[in-house]
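Single-letter residue listing:
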Amino acid sequence: MSQPDTSLAPPAQPPGGPLFQKPPETPEELEANKPVALGPEVVQELDEDGWYEKVYRGERAAQLTVRAVLMGSVLGFFLAFTNLYVGLKAGWHLGVSITASILSFTIWGFFIRVGLVKSPMTILENNCMQSTASSAGYSTGGTMVSAIPALFMLSVTSDAPGGQHLPWYVLAPWTAFIALLGATLAIPMKRNMINQERLRFPTGTAAAVTLQSLYSKGEDALVKGRALLTAAAVAGVVPLLKDLELFKIKALHPLGLAIAGDAAGKLSRHALIPGESPIFDWIGNLFGGIHAAGKVYKPSDFRVQLDHGVVLIAAGALVGLRVTLSMVAGGLFVALVLGPIGMETTWVNPLGVTVAAVSRPARAVSEVGLWLGAPILVSAGLLSFAMQWRTIGRAFKGIGGGKAEGAKAGVEVPGTWFVAGGLVATVGIVSIAWRFFNVPPHLGVLAVALTFVLSLVAARATGETDVTPTGAMGKIMQLIYGVLIPQSATANLMTAGITAGSASAGADLLTDLKSGYLLGANPRRQFIAQIMGILPGTVATVLGFYALVPTTAVIMGDHAKFDAPAAQQWRAVAEVFKVGIGNLHPMARSAIFYGLAIGAVLVVIEKLLPKAKKYLPSPTGFGLGCILAFNSSFAMFLGALIAWLVEQRAGKSGKATEMIVPIASGIIAGESIIGVIVQILNVWVLSG
């Protein structure tokens, strides 16, 4: 195997050269910036010395350019909205690097065809671009779908029935410092996990393969790009129909079409079509309805409906059939079994008031489903994490990978950057936690120290399995600080948010660095690109959160637009420590016990009988199904079923199967971005 041909490249720039490089313009410079001749699967097998000899492009290849960072910032800004939207809907946080790579390649190709730019973006420029986009669209949003909305729900009082938002001058720096901490914590892990152990980081490997294919098969790239953009355009129409409240009406047509009301009487605002339809009620009628507390209810009363959105269908196509089928099972169990039982199970609370576990059908998920589903997720996540004890042990072995010497010392991200970045992030996090979240400075410093340990383990898990156990990391911190500061739900949530957010950001950077490693990129320049994505990502997620969640009614209550399952889990754990388990309804307490047992049993069976795993319900899926409204779970199941049918028909290596990711990504981007705009219009323009 020979070295990449760099004979036509411009002279090498020293490591201390300009921050931004000059993009190639001449045919000779473009030729010198071609992709490395070795495919990612070959590079994966090379040792560190072989990588430097045969793959590393040095300072000759254009990587960190102004146009790459700008493109990544713009794409990441909008993709941050998609992750926030899907995270509030279903609790998933989806990687954006592959989507950003396809979009960038397609958009830049269009710019060249219309004469807006002179030269194509090189593969390593696109690699830096996807690092910036990934940082903006992924690593800044984790806390915004977990700790922050959970804290918002707990802020509801008689004086503030809609909850009280954190001010922007607290939320924005908090988000940015957590992302910075996660990125800097990845520095001492990179060389050991990527260069020496060569962990696969499957998403990072897939992103590198995607970039290689984009630059080697132009026609395939154009087809995928067009499919993604077309899917986004079509999906963008959906929120305009079901969410944009243009009409003042008194009633709905039986088919769901809006009918304008007259001037008499009180009118309310509605969209052209409703968000759901009760198509399952006829099935309930065949069985005599759902009996509870002396009454007969329709399935739709328990939110067993068809969701008219497409974003969760697309998310389900990426998640898979086993998990989504388990979600449907969990949703049906809450609606048909747990909810009716809860409406008939009463208790005299400490105030002497007789209350049922479920006050009305639409509250089944939040009043009993949450207390079963959240413990399933907690116990399954923690036990799965504990069973990876070999992974945990390896995470602490050989951290740092030894001191880089010679040429390597000028390539790898230096330890001084780790110290400086970590110090800035720590001071910022501890100061905000002390001033606004009632976390004493010494316990804030402890939270950062524990975050480093847990992020190390989370990154190892990502490298080996492509699953970042941020939920489990957060729960560990909630348990620790539930003991250290037992009466403060705020401290409980925000310290856990430090760990979950930083672990997610660190794993994201390592995933991107894996892509760069397989393509011969300079890790220092890629690290800088990642850091530059924090600002646009912070702006997007903070603005998006305020726009999508103006009051707590959007994420809790009978007519919530978002189920916010991750936030519901975090809130449940924080409430247990705040009010004490003895003050919960006995049925909720029983649900907690059974939930912990169910999650643990399913994980143990999966471990002992791996061949039976595909026949067992997924603990993650079943737990989420108990927390989500059934219509959300069913929508994700539909997407997974469609993707499975496509795979069965075309084969896993067929061209139709290859289109699942770009089409699903386009649908998610289209509905999410337009959905954010629609929500802004509803709250700030049409509410009068």
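Predicted model only: the values in this text are computed from it and were never measured.

Student: Looking at this model, I keep getting lost on the overall build of the chain. Mind explaining?
Tutor: A tally of regular secondary structure across the chain gives 29 helices and 9 strands. Each of the 688 residues in the chain was classed as buried or not, and the buried ones make up 55%. Across the chain, contacts joining residues at least 24 apart in sequence account for 82% of those joining residues at least 6 apart. Put simply, the chain shows about 28000 Å² of open surface, and 66% of that area lies on carbon and sulfur atoms.

Student: What is the right way to look at empty space enclosed by the protein in this model?
Tutor: Summary: where empty space remains is shown by rolling a probe the size of a single water molecule over the atoms. Counted according to the given criterion, the structure contains 4 cavities of 30 Å³ or more. Taken as a whole, the largest cavity holds about 40 Å³ of empty space. Taken together, Phe302, Gly331, Val334, Ala335, Ala364, Val365, Gly625, Cys626, Leu628 and Phe630 make up the lining of the largest cavity. Where the lining of the largest cavity is concerned, the elements lending two or more residues are helix 15 (321–344), helix 16 (364–387) and helix 26 (619–627). Of the residues forming the lining of the largest cavity, the biggest block, 3 residues, is contributed by helix 15. Grouping the constituent residues of the lining of the largest cavity by class yields 8 nonpolar, 2 polar and no charged.

Student: Please explain helix 6 (residues 123–139) as it appears in this structure.
Tutor: An α-helical turn contains 3.6 residues, so any two residues separated by three or four positions project in the same direction. Under the 1.5 Å per step criterion, the end-to-end length of helix 6 is 23 Å for 17 residues, consistent within 8% with the ideal 24 Å. Among the 17 residues that make up helix 6, 17 are buried, leaving the element largely enclosed by the rest of the structure.

Student: What should I look at first to understand the side chain of Gln21 in this one?
Tutor: Within the secondary structure layout, Gln21 lies in the segment before helix 1 (27–32). Of note is the side chain of Gln21, whose polar atom sits 2.8 Å from the backbone nitrogen of Gln63.

Student: When you look at the layout of surface pockets in this model, what are you seeing that I'm missing?
Tutor: There is about 1200 Å³ of room inside the second largest pocket. Taken together, 38 residues form the lining of the second largest pocket, with Gly275, Glu276, His559, Ala560 and Lys561 sitting closest to its centre. Counting residues per element, the lining of the second largest pocket draws most heavily on helix 29 (residues 660–684), which supplies 5 residues. By residue class, the composition of the lining of the second largest pocket is 15 nonpolar, 12 polar and 11 charged.

Student: What's the story with the nonpolar core in this structure? I'm lost.
Tutor: As a rule of thumb, soluble globular proteins bury nonpolar side chains together. Residues Trp174, Phe437 and Leu510 are the most contacted members of the largest nonpolar core, which totals 152 residues. If you tally residues by element for this core, the top one is helix 21 (residues 489–519), at 14 residues. Beyond its immediate stretch of four places on either side in the chain, Leu510 contacts Ala186, Met189, Lys190, Met193, Ile194, Phe201 and Ala459. Ala68, Val96, Val117 and Met121 belong to the second largest nonpolar core, which has 14 residues in total.

Student: Got a minute to help me understand the pattern of salt bridges in this structure?
Tutor: Side chains that differ in sign of charge can pair as their charged atoms come close. Summed over the entire model, instances satisfying the criterion amount to 13 salt bridges. For the salt bridge of Lys34 with Glu31, the shortest nitrogen-to-oxygen distance reads 2.8 Å. With a shortest N-O distance of 3.7 Å, Arg303 and Asp563 are connected by a salt bridge. Note that Arg303 is positioned in the loop between strand 6 (295–297) and strand 7 (306–307) and Asp563 in the loop between helix 23 (534–548) and helix 24 (565–579), a separation of 260 residues in sequence. Of the residues examined, Arg303 reaches a relative accessible area of 13% and is grouped as buried. Taken together, the shared-partner salt bridges in this structure form one network comprising Lys242, Asp243 and Glu671.

Student: Sorry if this is basic, but what is going on with the side chain of Thr210 here?
Tutor: Mapped onto the elements, Thr210 comes out in helix 10 (residues 202–216). In this structure the side chain of Thr210 is engaged in a polar contact, spanning 2.8 Å, whose partner is the backbone oxygen of Ala206. Once residues lying within four places of it in the same chain are set aside, the contact partners of Thr210 are Ile98 and Ile102.

Student: Would you take a moment to explain the packing of helix 7 (residues 147–154) against helix 24 for this structure?
Tutor: Orientation of helix 7 relative to helix 24, taken along the N-to-C sense of each, is 55 degrees, at an axis distance of 8 Å. On the basis of their axis angle, the class for helix 7 and helix 24 is oblique. You can see that helix 7 and helix 24 cross each other, and the crossing is right-handed. Of helix 24, the residues touching helix 7 (which contributes Ala147, Pro149, Ala150, Met153 and Leu154) are Ala567, Gln568, Trp570, Arg571, Ala574 and Glu575. Per-class residue counts for the contact of helix 7 with helix 24 are 8 nonpolar, 1 polar and 2 charged.

Student: Please clarify how helix 4 (residues 66–90) should be interpreted in this entry.
Tutor: Taking 1.5 Å per residue as the helical rise, helix 4 with its 25 residues ought to reach 36 Å, and the 35 Å between its terminal C-alpha atoms agrees with that figure. Buried residues dominate helix 4, accounting for 20 of its 25 residues. At the C-terminal side of helix 4, Gly91 shows a positive phi close to 85 degrees.

Student: Would you explain the environment of Asp301 in this entry?
Tutor: Of note, Asp301 is situated in the loop between strand 6 and strand 7. Looking at Asp301, the relative accessible area reads 27%, which means it is partly exposed.

Student: Would you explain the packing of helix 7 against helix 21 in this entry?
Tutor: If you want to describe how two helices pack, look at the angle between their axes and the distance between the axes. Between helix 7 and helix 21, whose axes approach to 9 Å, the crossing angle comes to 170 degrees. By the criterion of interaxial angle, the relationship of helix 7 to helix 21 is roughly antiparallel. Counted together, Ala147, Ile148, Ala150, Leu151 and Leu154 of helix 7 and Ala489, Thr490, Leu493, Met494 and Gly497 of helix 21 form the full contact between these two elements. Looking at the contact of helix 7 with helix 21, its residues break down into 8 nonpolar, 2 polar and no charged.

Student: Help me understand unusual backbone geometry, please; the structure alone is not making it clear to me.
Tutor: A positive phi is found at Ala293, a non-glycine position, where the angle reads about 55 degrees. Within the fold, Ala293 resides in the loop between strand 5 (290–292) and strand 6. Taking relative accessible area as the criterion, Ala293 reaches 42% and is therefore assigned partly exposed. Phi is positive for Ala564, which is not a glycine, with a value near 45 degrees. Inspection of the secondary structure assignment puts Ala564 in the loop between helix 23 and helix 24. Relative accessible area serves as the criterion here: at 0%, Ala564 is assigned to the buried category.

Student: Please explain a nonpolar patch on the surface as it appears in this structure.
Tutor: A contiguous nonpolar patch, built from Val237, Leu241, Leu246, Phe247 and Leu272 and spanning about 370 Å² of accessible area, is present on the exposed surface. One can find Leu246 in the loop between helix 12 (237–242) and strand 1 (247–252). A residue is classified by how much of its surface remains accessible, and Leu246, at 48% relative accessible area, is partly exposed.

Student: Could you clarify how one ought to interpret the packing of aromatic side chains in this entry?
Tutor: Aromatic ring pairs: the centre-centre distance and the angle between the two ring planes describe each pair. On inspection of all chains with the given rule, the structure shows 22 aromatic pairs. A centroid spacing of 6.0 Å and a plane angle of 85 degrees characterise the contact between Tyr297 and Phe302, whose relative ring orientation is edge-to-face. There is no split in this pair, since Tyr297 and Phe302 are both buried. An angle of 45 degrees between the planes, with centres 6.2 Å apart, marks the rings of Phe333 and Phe622 as tilted. With Phe333 in helix 15 and Phe622 in helix 26, this pair connects stretches of sequence that are 289 residues apart. When its relative accessible area of 31% is taken as the criterion, Phe333 is described as partly exposed. Exposure remark for Phe622: the relative accessible area of 15% places this residue in the buried category. The rings of Trp51, Tyr52, Tyr56 and Tyr517 are connected pair by pair, giving a single aromatic cluster. Over the aromatic face of Trp417 sits the side chain of Arg524, whose NZ or CZ is 5.6 Å from the ring centroid. The residue whose ring lies beneath Arg589 is Trp347, and the NZ or CZ to ring-centre distance is 5.5 Å.

Definitions and cut-offs
- Residues numbered from 1 in each chain as written.
- Predicted model: local features only at pLDDT ≥ 70, side-chain atom pairs only at ≥ 80, totals over all residues.
- Heavy atoms only, no water.
- Helix = DSSP H or I, 4+ residues; strand = E, 2+ residues; numbered from the N terminus.
- Buried < 20%, exposed > 50% of the residue type's maximum accessible area, 1.4 Å probe, protein only.
- Contact = heavy atoms within 4.5 Å.
- Areas by Shrake-Rupley, 256 points an atom, 1.4 Å probe, with all protein chains shown as cover.
- 1 Å grid on protein atoms, 1.4 Å probe; cavity = no way out; pocket = protein on both sides within 12 Å on 5 of 7 lines; lining within 4 Å.
- Points joined across faces, edges and corners; volume = space filled by probe spheres on them.
- Nonpolar A, V, L, I, M, F, W, Y, C, P; charged D, E, K, R; others polar.
- Expected span 1.5 Å × (residues − 1).
- Polar contact = N/O pair within 3.5 Å; in protein donor to acceptor, adjacent residues only side chain to side chain.
- Core = buried A, V, L, I, M, F, W, Y, C linked by side-chain atoms within 4.5 Å.
- Salt bridge = Lys/Arg side-chain N within 4 Å of Asp/Glu carboxyl O.
- Axes fitted to C-alpha atoms, helices over the stretch in contact; angles between N-to-C directions.
- Parallel < 35°, antiparallel > 145°, perpendicular 65-115°, else oblique.
- Left-handed = near helix turned anticlockwise from the far one by under 90°.
- Patch = residues over 30% accessible without salt bridge, like charges linked within 9 Å, V, L, I, M, F, W, Y side chains within 5 Å.
- Phe/Tyr/Trp six-rings, centres within 6.5 Å; stacked < 30°, edge-to-face > 60°.
- Lys NZ or Arg CZ within 6 Å of the ring centre and 35° of its normal.

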